[in-house]
Amino acid sequence: MKQKKSSSLSRVLGYAGGYKRLTILGCALSALSAVLGLIPYVCVWLAAGNVLADWPGLDGAGDMSRFGWTAVWTAIGSIALYFAALMSTHIAAFRTARSIRRTAMAHALRLPLGFFVNNQSGRLRKLVDDNAGLTEDLLAHKLPDLAATAVTPIAAVVMLFLFDWRMGLLCLLTMALALLSMCMMMGGKNAGFFHRYQKEIERMSGEAVEYVRGIPVVKMFQQTVYSFKAFYKAIQDYSDLASRYAMSCRTGQTCFLTAINGAFALLIPAALLLASGGDVRTVLADFIFYALFAPACGQMINRIMYMSEAVMEADEAMGRLDEILGQQPMREPEAPRQPRGSAVAFDHVTFTYPGSSRPALDDVSFTVRPGQTVALVGPSGGGKTTAASLIPRFWDVTSGAVQVGGVDVRDMDSGSLMEQVAFVFQDTRLFKQSLLDNIRAARPDASREEVLAAARAAQCDDILEKLPDGLDTVVGSRGVYLSGGETQRVALARAILKDAPIVVLDEATAFADPENEHRIQKAFEALTRNKTVFMIAHRLSTVQNADSIIVLSEGRIAEQGTHSALLREKGVYAAMWADYQRSAQWKMGKEASV
């Protein structure tokens with residue numbers, strides 16, 4: 001366990017770069033501040049000893065003044081050094097957290113696009129931003145306190161036995177009991193609590209988002225939170241975990257607080273016993289010192305506890321960041337090759353998703369010539385979207401090869417490959433920016449006139465007319481909202497503006513009403529003219545005119561041919577077409593009144 005924590009701490013410091021020296025300086029200043037902070041206690045002991053030695057006279061008043069000013073200036077020096085230490089460690093902590101965020105994002109940008117399909121943007125933001133933030137507290141506060149805590153016990157033990165070893169031993173006993181109590185709380189079955197706690201928080205947050213999204217359904221059907229069993233169970237599991245941990249810490253926490261605050265209970269009887277058989281004034285001076293110094297020792301133990309918690313947080317943060325940093329980046333070729341044309345070929349392609357035992361595609365081969373439109377159809381889970389996603393390297397094939405323009409996509413530069421392909425997905429996302437910026441994202445150097453032409457080609461004229469500022473209208477949470485069909489047309493405008501030779505349409509009309517679907521179909525004509533097109537669709541009416549239809553079932557090609565040819569074969573496609581026709585002709589009705 002110690003090795004793991006040390007490894008996490010060293011990894012965090014590894015991101016500090018040149019600011020690591022500033023972190024070390026801050027720790028050194030904190031340690032020096034802690035040592036200076038002990039001197040006022042010695043001054044109190046010396047002053048008390050002088051006063052009691054001269055009592056009832058005040059012949060030692062001059063020495064008292066000297067001890068008092070020494071205590072004041074060393075206390076001020078201790079505060080100043082601690083302030084300088086925190087300034088140093090804070091600057092280093094902020095720069096280190098920034099370095100962690102930059103490293104994580106730079107690594108994420110080199111990951112295959114499939115990683116982002118399987119990981120929600122909100123979760124990735126939490127992984128990078130929140131966990132980098134967890135390291136700030138460790139470096140800014142807990143690490144300098146760790147340095148002070150490492151130095152203070154040595155000085156404290158020396159001071160505890162310097163004046164009266166018997167009272168010092170009693171104070172040391174309370175410190176040992178406090179440390180033992182802390183180990184009881186943080187060790188054993190509670191050792192992995194923080195990891196489980198973070199997992200439950202993440203789970204509850206995810207279920208809360210789903211619940212908020214489903215509030216309209218809850219209200220419509222007069223349901224309560226109990227109808228969302230996953231959310232309710234997440235809350236209960238979190239509550240049970242926190243309650244069990246709190247109850248398991250009752251004994252340890254009680255002993256801990258009693259030990260760090262209970263030195264008086266031992267010092268008073270000890271002082272009375274020592275005074276009865278010795279120099280009362282010396283014993284009283286020692287008692288005053290230990291009565292003041294014991295709480296400082298308790299504060300030191302508190303720092304150790306909070307420091308241990310911060311190290312566990314950093315350990316957890318680095319472990320979660322490894323979910324991104326541990327992913328293998330997309331391999332870039334050492335000698336990139338340029339495609340020759342826009343033909344696409346699947347050559348005995350087999351692909352299995354990470355963690356799955358069953359291939360999503362199994363020995364799939366077909367060729368699409370430049371300018372052809374190919375439709376991928378079949379039952380859900382048949383491999384349609386998987387096949388299309390292998391073209392732009394959302395994933396790399398397990399075996400076989402996907403070729404664009406006669407070149408294996410793995411031998412092409414990723415930027416060059418992306419220039420060859422335009423996408424329109426069923427779940428389109430718009431940025432919280434103007435419509436102009438949303439469309440221009442496909443080609444940032446495009447002029448306003450080119451963006452407007454692409455929008456018109458995508459049948460967005462009615463959208464521009466109704467928006468208050470036309471192309472300059474902000475969409476999203478800070479502006480207006482568009483319907484699903486309107487959002488799809490904006491996505492089509494992006495693809496038209498990009499003007500890539502290969503177009504992938506994945507259920508692009510899934511959320512469109514009849515009017516929007518008609519407009520989208522007209523936009524398809526502008527987008528797909530003279531392009532190599534991959535069309536994934538459940539609405540078979542949209543693929544009738546495709547040059548070739550590939551039927552994928554359970555990861556294999558079941559049939560391939562034109563619409564009319566496949567109907568004549570009376571196979572899988574013919575059965576799908578018959579089902580589609582029946583569903584299209586089905587209408588809701590009501591029984592005639594009698």
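Each value, and the rule that gives it
- Residues numbered from 1 in each chain as written.
- Predicted model: local features only at pLDDT ≥ 70, side-chain atom pairs only at ≥ 80, totals over all residues.
- Heavy atoms only, no water.
- Patch = residues over 30% accessible without salt bridge, like charges linked within 9 Å, V, L, I, M, F, W, Y side chains within 5 Å.
- Areas by Shrake-Rupley, 256 points an atom, 1.4 Å probe, with all protein chains shown as cover.
- Salt bridge = Lys/Arg side-chain N within 4 Å of Asp/Glu carboxyl O.
- Helix = DSSP H or I, 4+ residues; strand = E, 2+ residues; numbered from the N terminus.
- Pairing = 2+ DSSP bridges.
- Axes fitted to C-alpha atoms, helices over the stretch in contact; angles between N-to-C directions.
- Contact = heavy atoms within 4.5 Å.
- Core = buried A, V, L, I, M, F, W, Y, C linked by side-chain atoms within 4.5 Å.
- Buried < 20%, exposed > 50% of the residue type's maximum accessible area, 1.4 Å probe, protein only.
- Phe/Tyr/Trp six-rings, centres within 6.5 Å; stacked < 30°, edge-to-face > 60°.
- Parallel < 35°, antiparallel > 145°, perpendicular 65-115°, else oblique.
- Left-handed = near helix turned anticlockwise from the far one by under 90°.
- Nonpolar A, V, L, I, M, F, W, Y, C, P; charged D, E, K, R; others polar.

### A few points about a nonpolar patch on the surface
Where nonpolar side chains cluster on the molecular surface, the patch consists of Tyr-19, Phe-83, Met-87 and Ile-91 and spans about 380 Å² of accessible area. Tracing the chain through its elements places Tyr-19 in the loop between helix H1 (2-14) and helix H2 (20-36).

### Describing the sheet that holds strand E3 (residues 373-377)
Backbone-to-backbone hydrogen bonds join strands into a sheet, with any given pair of strands oriented parallel or antiparallel. Here six strands make up an open sheet; going across it, the order is E6-E7-E8-E3-E9-E10 and the pairing mixed. Two strands lie at the open edges of the sheet, namely strand E6 (421-424) and strand E10 (556-561), each paired on one side alone. Taken pair by pair, the neighbouring strands of this sheet meet at an average axis angle of 20°, ignoring direction. Direction of pairing for E6 relative to strand E7 (residues 502-506): parallel, over a ladder of four bridges. In the strand pairing of E7, Val-421 is matched with Ile-502. Of the strands in this sheet, E6 and E7 touch helix H19 (residues 484-498), which is tilted by about 175° from E6.

### Focus: the nonpolar core
The biggest cluster of nonpolar side chains holds 45 residues, and the ones touching the most others in it are Leu-492, Leu-505, Val-543, Ile-549 and Tyr-573. Apart from residues no more than four positions distant in its own chain, Tyr-573 is found in contact with Val-377, Leu-540, Val-543, Ile-549, Val-551, Glu-559, His-563, Leu-566 and Leu-567. Counting 31 residues, the second largest nonpolar core, distinct from the first, contains Val-344, Val-368, Val-409 and Ile-536.

### A few points about the pattern of salt bridges
Under the counting rule described, the total for this entry stands at nine salt bridges. Notably, a salt bridge pairs Arg-448 with Asp-472, separated by 3.0 Å at the nearest N-O pair. Highlighted residues: Arg-448 in helix H17 (residues 448-457) and Asp-472 in the loop between helix H18 (461-466) and H19, separated in sequence by 24 residues. Linking Lys-531 and Asp-499 is a salt bridge whose minimum nitrogen-to-oxygen distance equals 3.0 Å. Here the residue Lys-531 occupies a position in the loop between helix H20 (514-528) and strand E8 (532-536), and Asp-499 occupies one in the loop between H19 and E7, the gap between them amounting to 32 residues.

### What to know about the sheet that holds strand E5 (residues 407-408)
One open sheet accounts for four strands, arranged E2-E1-E4-E5; its pairing is antiparallel. Looking at which strands have only one partner, the edges of the open sheet turn out to be strand E2 (361-368) and E5. Two elements, strand E1 (residues 344-351) and strand E4 (residues 399-404), share five bridges in a ladder whose sense is antiparallel. Note that in E4 the partner of Ala-345 across the bridge is Gln-403.

### Some words on the packing of aromatic side chains
For the structure shown, the criterion picks out seven aromatic pairs. Taken together, a centroid distance of 6.3 Å and an interplanar angle of 50° make the contact between Phe-366 and Phe-534 tilted. Of the two residues, Phe-366 is situated in strand E2 and Phe-534 in strand E8; the sequence distance between them amounts to 168 residues. By relative accessible area, which is 5% here, Phe-366 ends up buried. Relative to Phe-423, the ring of Phe-394 has its centre 5.8 Å away and its plane inclined at 55°; by these criteria the two rings are tilted.

### Some points on the environment of Ser-65
Along the chain, Ser-65 falls in helix H4 (residues 61-109). Remark: the alpha-carbon pair of Ser-65 and Ala-47, spanning 18 residues in sequence, is separated by 8.6 Å.

### Some words on the packing of H17 against H19
Geometry of a packed helix pair, given as the angle between the helix axes and the separation of the axes. Their axes nearest at 8 Å, the elements H17 and H19 cross at an angle of 125°. Of the possible angle classes, the one that applies to H17 and H19 is oblique. Both H17 and H19 take part in a crossing whose hand is right-handed. Where H17 approaches H19, its residues Glu-450, Val-451, Ala-454, Ala-455 and Ala-457 are matched on the opposing element by Ala-493, Ile-496 and Leu-497. Residue classes in the contact of H17 with H19 are distributed as seven nonpolar, no polar and one charged.

### So, the environment of Ile-550
You can see Ile-550 is positioned in strand E9 (residues 548-553). On the basis of relative accessibility, which here comes to 1%, the residue Ile-550 falls in the buried class. Separated by 23 residues in the primary sequence, Ile-550 and Tyr-573 place their C-alpha atoms 9.2 Å from one another.

### Some words on unusual backbone geometry
The phi torsion at Arg-393 lies on the positive side, around 65°, for a residue other than glycine. Position of Arg-393 among the secondary structure elements: in the loop between helix H14 (384-390) and E4. Accessibility expressed as a relative area gives 1% for Arg-393, which makes it buried. Within the chain, Asn-530 stands out as a residue other than glycine whose phi angle is a positive 60°. Given a relative accessible area of 72%, Asn-530 falls into the exposed group.

### Thoughts on the pairing of E7
Burial analysis of E7 places five of its five residues in the buried class, which makes it a mostly covered element. Side chains Ile-502, Val-504 and Asp-506 project from E7 onto one buried face, and the interleaved Val-503 and Leu-505 project onto a second face that is buried too. Taken together, the five bridges between E7 and E8 define a ladder with parallel strand orientation. Note that in E8 the partner of Val-504 across the bridge is Phe-534.

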